[in-house]
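# Overview (structure and organization)
Residue strings, one per chain:
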Amino acid sequence: MRVTDGRYPYNIARCRHIKVNGTQCGSPALRNLCLCYFHHLSQRTNTELNANLARRGSPGSISLPILEDANSIQFALMQVMRLLLTGEIEHKTAALLLYTLQTASHNLSRTEFNPPSAGGRHRPLRRSRHQPRR
Ligand SMILES: [Zn+2]
């Protein structure tokens with residue numbers, strides 16, 4: 001059986017979520033969907049959040065960032081900074097968000113959002129033709 005990136009056969013679609021660093025999620029997509037379970041759940045949470053806001057008459061929408069790696073936490077920090085500097089967010093709310101991001105940063109070493117692969121984390125099962133043998 002042929003594999004795409006060392007993890008899944010070609011006939012299993014890969015999640016289309018693109019991370020903050022520009023890499024594609026490596027998890028298999030749910031059947032008949034274009035996202036994996038985790039990213040589908042995140043998208044659904046954002047949709048429900050915005051539906052609740054709209055029901056309460058709140059203008060605009062919120063896109064909660066997915067805090068899946070250090071890059072995304074860094075990006076979220078920049079968003080909070082931008083909101084503070086442009087006056088779009090209150091200082092108290094910003095303080096709570098920064099505390100949340102600090103907690104997320106602390107938890108990074110204990111979380112894993114990538115699917116496990118045989119032979120170690122983020123390591124492809126198949127060796128590239130250009131990689132020397134060890
Ligand atoms: Zn995904």
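Residues numbered from 1 in each chain as written. Predicted model: local features only at pLDDT ≥ 70, side-chain atom pairs only at ≥ 80, totals over all residues.

## Side note on the overall build of the chain
Worth spelling out the cut-off: Here a strand is any run of E in DSSP of at least two residues, a helix any run of H or I of at least four, and the numbering for each starts at the N terminus. Exposure classification rests on a simple neighbour count of other C-beta atoms within 10 Å of a residue's own: a residue reaching 20 or more is buried, one at 12 or fewer is exposed, and one in between is partly exposed. C-beta atoms are placed from the backbone. For every residue pair, C-beta atoms are placed from the backbone, and the pair is scored as a contact if these atoms sit within 7 Å.
A count of helices and strands for the chain gives three helices and zero strands. Secondary structure elements of the chain, listed N to C terminal, follow the sequence α-α-α. Here the chain, with 134 residues, has 9% of them falling under the buried criterion. When contacts within the chain are restricted to residue pairs at least 6 apart in sequence, those whose partners lie at least 24 apart make up 32%.

## Digging into the environment of His39
Within the secondary structure layout, His39 lies in helix α1 (residues 37-55). Spatially, the C-alpha atoms of His39 and His17 are 7.0 Å apart, while their sequence positions differ by 22 residues. Sequence-distant contacts of His39, that is, excluding residues within four places in its chain, are made with Cys15, His17 and Cys25.

## Some details on helix α2 (residues 70-85)
Short version of the rule: Expected helix span is taken as 1.5 Å per residue step, with the number of steps being one fewer than the number of residues.
An ideal rise of 1.5 Å per residue puts 22 Å on 16 residues; α2 measures up with 23 Å between its terminal C-alpha atoms. Once α2 ends, the next one or two residues include Gly87, with phi positive near 75°.

## Topic: the confidence of the model for the chain
Applied cut-off: pLDDT expresses how confident the predictor is about each individual residue, on a scale running from 0 to 100.
Taken residue by residue, the chain gives an average pLDDT of 83. The fraction at 70 or more is 79%. Note on residues 118-134: pLDDT under 50 across the span, and 12 contacts to partners over four residues away in sequence or across chains.

## Focus: helix α3 (residues 91-107)
Given 3.6 residues per helical turn, the α-helix brings residues three or four places apart onto the same face. In a regular helix each residue adds 1.5 Å, so 17 residues correspond to 24 Å; α3 covers 24 Å between its end C-alpha atoms and thus fits that length. In terms of burial, α3 is largely open, as just zero of its 17 residues are buried.

## Details of the environment of Ile66
Along the chain, Ile66 turns up in the loop between α1 and α2. A tally of 21 C-beta atoms within 10 Å means that Ile66 is categorised as buried. Distance from Ile66 to Ala76, taken between C-alpha atoms, is 8.8 Å for residues 10 residues apart in sequence. Not counting the four nearest positions on each side in its chain, Ile66 is found in contact with Ser42 and Ser72.

## Let's talk about unusual backbone geometry
You will see that Asn32, though not glycine, has its phi angle at about 65°, which is positive. Mapped onto the secondary structure, Asn32 falls in the segment before α1. Assessed through the 6 C-beta atoms surrounding it within 10 Å, Asn32 is described here as exposed.

## Comments concerning the environment of Leu77
Mapped onto the fold, Leu77 is located in helix α2. Along the sequence, Leu77 and Leu98 sit 21 residues apart, while their C-alpha atoms lie 7.2 Å from each other.

## Side note on the packing of α2 against α3
Applied cut-off: The axes are straight lines fitted to the C-alpha atoms, using for helices just the contacting stretch, and the angles between their N-to-C directions are given from 0 to 180°. What sets the label is the angle itself: under 35 degrees gives roughly parallel, over 145 gives roughly antiparallel, 65 to 115 gives roughly perpendicular, and the rest give oblique. Side-chain classes follow a simple rule in which Ala, Val, Leu, Ile, Met, Phe, Trp, Tyr, Cys and Pro form the nonpolar group, Asp, Glu, Lys and Arg form the charged group, and the remainder, Gly included, forms the polar group.
Across the interface, α2 lies against α3 with an axial gap of 10 Å and an inter-helix angle of 170°. Taken together, the axes of α2 and α3 lie roughly antiparallel to each other. Here Ile73, Ala76, Leu77, Val80, Leu83 and Leu84 of α2 lie close against α3, whose contacting residues are Ala94, Leu97, Leu98, Leu101, Ala104 and Ser105. Here the contact of α2 with α3 is built from residues that sort into 11 nonpolar, one polar and no charged.

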